[in-house]
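Working through the structure, step by step
Read off the chains here:
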There are 2 protein chains.
Amino acid sequence: MRDVAERAGVSFKTVSRVVNAEGGVSEVLADRVAGAISELGYRPDERARRLRQSDAKTGAIGFVIVDVSNPFFSSVLRGIEEVATAHDSIVMSGSTDGDKDRERQLIDAFVSRRVDGLIVVPEGSTDNTLRVEIERGTPIVFVDLEPSELTADLVRSDHHLGSVAATEHLIAHGHRDIAFFGDHPDISSSRLRRAGYEQALTAVGIDIDENRIVQDRLRPDEWRDVIRTYLETHERPTAIFSAQNFVTVGCTQALHDLDLHTTIAQVGFDEIELGDVVTPGITTVPQHPLDLGRRAAQTLFNRIGGDRGDVTKEIIASPIIQRGSGEIRPAATPAD
Amino acid sequence: MRDVAERAGVSFKTVSRVVNAEGGVSEVLADRVAGAISELGYRPDERARRLRQSDAKTGAIGFVIVDVSNPFFSSVLRGIEEVATAHDSIVMSGSTDGDKDRERQLIDAFVSRRVDGLIVVPEGSTDNTLRVEIERGTPIVFVDLEPSELTADLVRSDHHLGSVAATEHLIAHGHRDIAFFGDHPDISSSRLRRAGYEQALTAVGIDIDENRIVQDRLRPDEWRDVIRTYLETHERPTAIFSAQNFVTVGCTQALHDLDLHTTIAQVGFDEIELGDVVTPGITTVPQHPLDLGRRAAQTLFNRIGGDRGDVTKEIIASPIIQRGSGEIRPAATPAD
DNA sequence: CGAACCCTTGACAACGTTGTCACACATCTG
DNA sequence: CAGATGTGTGACAACGTTGTCAAGGGTTCG
């Protein structure tokens, strides 16, 4: 900026006035300054600008996510981006893989860069990094997951109700021996989904069988083998509720590997690509990640804009989509 | 910081020393300061810190992407993130949807926040926003696409060779009437893929038929209908090369819709989820987006670290993966 | 016992920007 | 024609931090 001022033969302040189109600058000078700016390729330093007006927003928000490369989360991010753009804001994001330390690091990095707010998928967070931030008044919105001991605005799918619906759907098609494959129970959505599964079973008097439940934190590509092995080493269930998108993919692959895809029924939680092209099509309880992202960001920007209302919870339910896999009936129905 | 200093009864500088563990502070004071810091929940302002040491890095890079919610790109982002984390850097990202203005806006936003470098998927960029940045010496790496008039480091898949291989594969299975469905020719990868397709055909003396080529910029979910309509209104090709991931998904859906999936051969460019579970499995020329992201980021951080070597181009080829759809032979082979 | 040293601490300037104010000069008003 | 008003411009402080330097106090050494 100094260089520009010197080149145009004016003071900093005049340059500043031109850059910000404040007016009150004669045309002659304004032109000279504009010329100098483009000759030197000068860009105002946003950091310094925001530093000076220290009450001003930084025009950036942070998104702490479990894994961007999971299409569910990347769609959430896309939704957030859209709203952020409309508010002239930039999105910084980072994946945690559910690692507590990484989560803390990311939040620290965002906070120390003075983001205007945070959207967090809190996978490991009884953490008090977040607690401190909330107390300081940093706007924070949770998305997808719900931490047990922290309170802030929240937007997520109705994991419980969706799972009840999925399980009831299988029961309605004659199944009583339904396996549950899902994420690690540390993850709040996974707990809720399992609870929904159990509730639906219990409601019709089916006992919960621990052998029918597999919950684990695996890499996306590991589920295929795990489920195939399960099916090879256990008495086979007549139906499966695969309670997460990667699990659903792995499950579908495993069923095809063993040529059981027309024998064992499957309902998944969350949509997957080509879910309607596989044979049979995969019956799922969909989520709407783009929408989740938009809503979360909308809530965040309301807070950033000064909304001091009560903490809100948006819990979104979606009806099951039938495509075939969930409507397979058990092969034999032995009298019991 | 002032508050902390006051509370601990010391000067700013001492607080600064404690925060940065500079040493040379007595234990008594250090403890008092540490106490004040945690009581007040103080976080140093990274912006001010970096402002003061104006030669220092900001610890942030920008990623200008076409669409984060495309799994291909979100995997690239994930790869970038990994490397960035290892370099203590944050990633800001934004989707352009190939819109030039949006691209310029994003680059501006990143540059004025003084990112240490940029990774760009240059979809609309003859733009001189970027040219100016390159001239100023901002480290920039292009990924996936290659702008015609700008020079910087580049990491991408071998779109041309991959497409030659895909087309040759179909030819080798007896096809001479092969349709090409792909992205808009504005996009450099799309041009290269089409060129590869044409080269392979021409090499064996097959004429290029414009009616067999559809290139367009569509929303991901539009391809299904477009391709179905094409197949309903045109004499049917015996094989299809679907030259992008969303196109491949739409094509597979359309083929299933019309029950042509066992009749018409298909080879896709880029992997898609469940590509091995659909019947038949989808033969593809894979890309390795995670790896592309890692390499691009690695190159960028080398530059940021001061590497002034010649501009590099990494062009990565991968062998075709056969899964069934690409090995379908034409129904009848009329003498011609 | 005084000089030379080390250690801890603080005052001040600086980073790149904008807000505040005052100054110079031109123009209007009574 | 003096005073009031308006217009363009620049000097300076401030944002939150760190680098530089000097001062204060204690220790060591001759």
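None of these values were measured; they are calculated from a predicted model.

**Let's talk about the relation of the copies chain A and chain B**
The operation relating the pair of chain copies consists of a rotation about an axis and a translation along that axis. Its rotation angle being 180 degrees, the transformation that places chain A on chain B also includes 0.0 Å of axial translation and leaves an RMSD of 0.1 Å. Put plainly, the chains are arranged around a two-fold axis. In this assembly, 98% of the residues forming the interface of chain A have copies in chain B that are likewise at the interface, indicating an isologous arrangement.

**What about the interface of chain A and chain B?**
The interface is formed by 57 residues belonging to chain A together with 56 residues belonging to chain B. It is Arg43(A), Arg47(A) and Glu273(A) in chain A that bury the most area against chain B; as a group they hold 17% of the surface buried on that side. Remark: the boundary between chain A and chain B carries 12 salt bridges. Arg114(A) is the partner of Asp45(B) in a salt bridge, and the nearest nitrogen-oxygen pair spans 3.8 Å. The interface formed by chain A and chain B contains 26 residue pairs in polar contact (both at pLDDT 80 or more). Taken together, the residues of the side of chain A that touches chain B break down into 23 nonpolar, 16 polar and 18 charged.

**Points about helix H9 (residues 188-203) of chain A**
Residues and elements named next belong to chain A. With 16 residues, H9 should cover 22 Å at 1.5 Å per step; its first-to-last C-alpha distance of 22 Å lies within 8% of that length. Those residues of H9 that are buried lie in contact with helix H8 (159-172), strand E6 (178-182), strand E7 (213-215), strand E8 (239-242) and strand E9 (265-269). Glycine 205, located one to two residues past H9, shows a positive phi value of around 80 degrees.

**Things to note about empty space enclosed by the protein**
As enumerated under the stated definition, the model contains 6 cavities of 30 Å³ or more in all. By volume, the largest cavity is sized at about 200 Å³. Lining the largest cavity are 14 residues, with Arg47(A), Met92(A), Arg113(A), Arg47(B) and Arg113(B) positioned closest to its centre. For the lining of the largest cavity, the residue count by class is 4 nonpolar, 2 polar and 8 charged.

**A short note on the protein's contact with DNA strand D**
In the region of DNA strand D, 27 residues are neighbours, and Thr14(A), Arg17(A), Arg52(A), Met1(B) and Ser16(B) sit closest. Backbone sugar and phosphate groups make up 64% of those atoms of DNA strand D lying within 4 Å of the protein. Separating a phosphate oxygen of DNA strand D from a backbone N or O atom of Ser26(A) is a distance of 2.6 Å. Residue Arg52(B) places a side-chain N or O atom 2.7 Å away from a base oxygen belonging to DNA strand D. Secondary structure elements with two or more residues in the surface near DNA strand D: helix H2 (12-19) and helix H4 (46-52) of chain A together with helix H2 (12-19) and helix H4 (46-52) of chain B.

**With respect to the nonpolar core**
Counting residues in hydrophobic clusters, the biggest one holds 54 residues, and the most contacted among them are Phe63(A), Ile119(A), Phe63(B) and Ile119(B). Elements represented by at least two residues in this core include exactly strand E1 (60-65), helix H5 (71-86), strand E4 (140-143) and helix H12 (289-304) of chain A together with strand E1 (60-65), helix H5 (71-86), strand E4 (140-143) and helix H12 (289-304) of chain B. The contacts of Phe63(A), once residues within four sequence positions are left out, are Phe73(A), Val76(A), Leu77(A), Ile80(A), Val91(A), Met92(A), Ser93(A), Gly94(A), Phe110(A), Ile119(A), Val121(A) and Val143(A). Core analysis: the second largest hydrophobic core is formed by 36 residues, Ile107(A), Ala109(A), Val120(A) and Phe110(B) among them.

**Some details on the sheet that holds E4(B)**
Taken together, 12 strands build an open sheet; the order of strands is E11(A)-E5(A)-E4(A)-E3(A)-E1(A)-E2(A)-E2(B)-E1(B)-E3(B)-E4(B)-E5(B)-E11(B) and the sheet is mixed. The open sheet is flanked by strand E11 (313-316) of chain A together with strand E11 (313-316) of chain B, the only strands paired with a single partner. Mean inter-strand twist for the sheet, computed between neighbouring axes without regard to direction, equals 20 degrees. In the sheet, E1(A) pairs with strand E2 (residues 90-95) of chain A via 6 bridges, with the strands oriented parallel. Counterpart to Phe63(A) in the pairing with E2(A) is Ser93(A). Against the sheet, H5(B) contacts E2 of chain A together with E1, strand E2 (90-95), strand E3 (117-120) and E4 of chain B, and its axis sits at roughly 170 degrees relative to E1(B).

**Let's talk about the side chain of Arg194(A)**
Residues and elements named next belong to chain A. Following the sequence through the fold, arginine 194 ends up in helix H9. A polar contact of 2.7 Å, which involves the side chain of arginine 194, links it to the side chain of glutamate 198. For arginine 194, the side chain forms a polar contact with the side chain of glutamine 215, separated by 3.1 Å.

**Remarks on the sheet that holds strand E6 (residues 178-182) of chain B**
All names here are of chain B. The strand order across the open sheet built from 5 strands is E7-E6-E8-E9-E10, with neighbouring strands paired in parallel fashion. Edge positions in the open sheet fall to strand E7 (213-215) and strand E10 (283-285), since each of these has one partner strand only. Sheet twist, expressed as the mean angle between neighbouring strand axes with direction ignored, is 15 degrees. Strand direction decides the pairing type here: strand E9 (residues 265-269) and E10, joined by 3 bridges, are parallel. Considered in E10, the bridge of valine 267 is made with threonine 283. With respect to the sheet, helix H8 (residues 159-172) is in contact with E6, strand E8 (239-242), E9 and E10, its orientation differing from that of E9 by roughly 170 degrees. Set on the sheet, helix H9 (residues 188-203) makes contact with E6, E7, E8 and E9; between it and E6 the angle comes to about 175 degrees.

**What about the protein's contact with DNA strand C?**
Around DNA strand C sit 27 residues, and of these Met1(A), Ser16(A), Thr14(B), Arg17(B) and Leu29(B) come closest. Near the protein, within 4 Å, the atoms of DNA strand C are sugar or phosphate in 64% of cases. In this structure, Arg17(B) approaches DNA strand C through a side-chain N or O atom, which is 2.5 Å from a base nitrogen. Looking at the surface near DNA strand C, the elements that each hand over two or more residues are H2 and H4 of chain A together with H2 and H4 of chain B.

**Quick look at unusual backbone geometry**
The omega angle of the peptide bond from Thr279(A) to Pro280(A) is -10 degrees, so this bond is cis rather than trans. Its identity as a non-glycine residue notwithstanding, Arg114(B) has a phi of 60 degrees, on the positive side. Positionally, Arg114(B) belongs in the loop between helix H6 (100-112) and E3. Judged by relative accessible area, which is 23%, Arg114(B) ranks as partly exposed. Notably, Leu274(B) is not glycine yet its phi reads approximately 65 degrees, a positive angle.

**Side note on helix H10 (residues 223-233) of chain A**
Residue and element names in this part refer to chain A. Along H10, the residues that are buried comprise Trp223, Ile227, Tyr230 and Leu231. All buried residues of H10 project into a common sector of 95 degrees when viewed along the axis, lining one side. Pointing more than 90 degrees away from the buried face of H10 are the exposed residues Glu232 and Thr233. Against E6, E7, E8 and helix H11 (245-257) lie the buried residues of H10.

**With respect to the pattern of salt bridges**
Scanning all chains against the criterion turns up 64 salt bridges over all chains. Salt bridges sharing partners connect three or more residues here, namely Arg224(A), Asp225(A), Arg228(A), Asp257(A) and Asp276(B).

**Some points on the packing of H10(A) against H11(A)**
Residue and element names in this part refer to chain A. Running from N to C, H10 and H11 point in directions that differ by 50 degrees, and their axes come no closer than 8 Å. One way to sum up the angle between H10 and H11 is to call them oblique. Regarding H10 and H11, the two cross each other, and that crossing is right-handed. Where H10 abuts H11, its residues Trp223, Arg224, Ile227, Arg228 and Leu231 lie against Phe246, Val247, Gly250, Cys251, Gln253, Ala254, Leu255 and Asp257.

**A closer look at the pairing of E2(B)**
Residues in a regular strand point their side chains to alternate faces of the sheet. For E2(B), the buried fraction is high: 6 of the 6 residues fall into the buried class. Burial of the side chains of E2(B) extends over both faces: Ile90(B), Met92(B) and Gly94(B) are buried on one face and Val91(B), Ser93(B) and Ser95(B) on the other. Inspection of the sheet shows E2(A) paired to E2(B) by 3 bridges, in the antiparallel sense. In the sheet register, Ser93(A) faces E2(B), and the bridge partner there is Val91(B). Crossover E1(B) to E2(B) through H5(B) is right-handed.

About the thresholds
Residues numbered from 1 in each chain as written. Chains lettered and ligands numbered in written order. Predicted model: local features only at pLDDT ≥ 70, side-chain atom pairs only at ≥ 80, totals over all residues. Heavy atoms only, no water. Least-squares fit on C-alpha atoms with pLDDT ≥ 70 in both. Contact = heavy atoms within 4.5 Å. Buried area = accessible area lost by both parts, 1.4 Å probe. Salt bridge = Lys/Arg side-chain N within 4 Å of Asp/Glu carboxyl O. Polar contact = N/O pair within 3.5 Å; in protein donor to acceptor, adjacent residues only side chain to side chain. Nonpolar A, V, L, I, M, F, W, Y, C, P; charged D, E, K, R; others polar. Helix = DSSP H or I, 4+ residues; strand = E, 2+ residues; numbered from the N terminus. Expected span 1.5 Å × (residues − 1). 1 Å grid on protein atoms, 1.4 Å probe; cavity = no way out; pocket = protein on both sides within 12 Å on 5 of 7 lines; lining within 4 Å. Points joined across faces, edges and corners; volume = space filled by probe spheres on them. Near = heavy atom within 4 Å. Core = buried A, V, L, I, M, F, W, Y, C linked by side-chain atoms within 4.5 Å. Buried < 20%, exposed > 50% of the residue type's maximum accessible area, 1.4 Å probe, protein only. Pairing = 2+ DSSP bridges. Axes fitted to C-alpha atoms, helices over the stretch in contact; angles between N-to-C directions. Arc of directions from axis to C-beta. Parallel < 35°, antiparallel > 145°, perpendicular 65-115°, else oblique. Left-handed = near helix turned anticlockwise from the far one by under 90°. Right-handed = clockwise from strand over helix to strand, strands pointing away.

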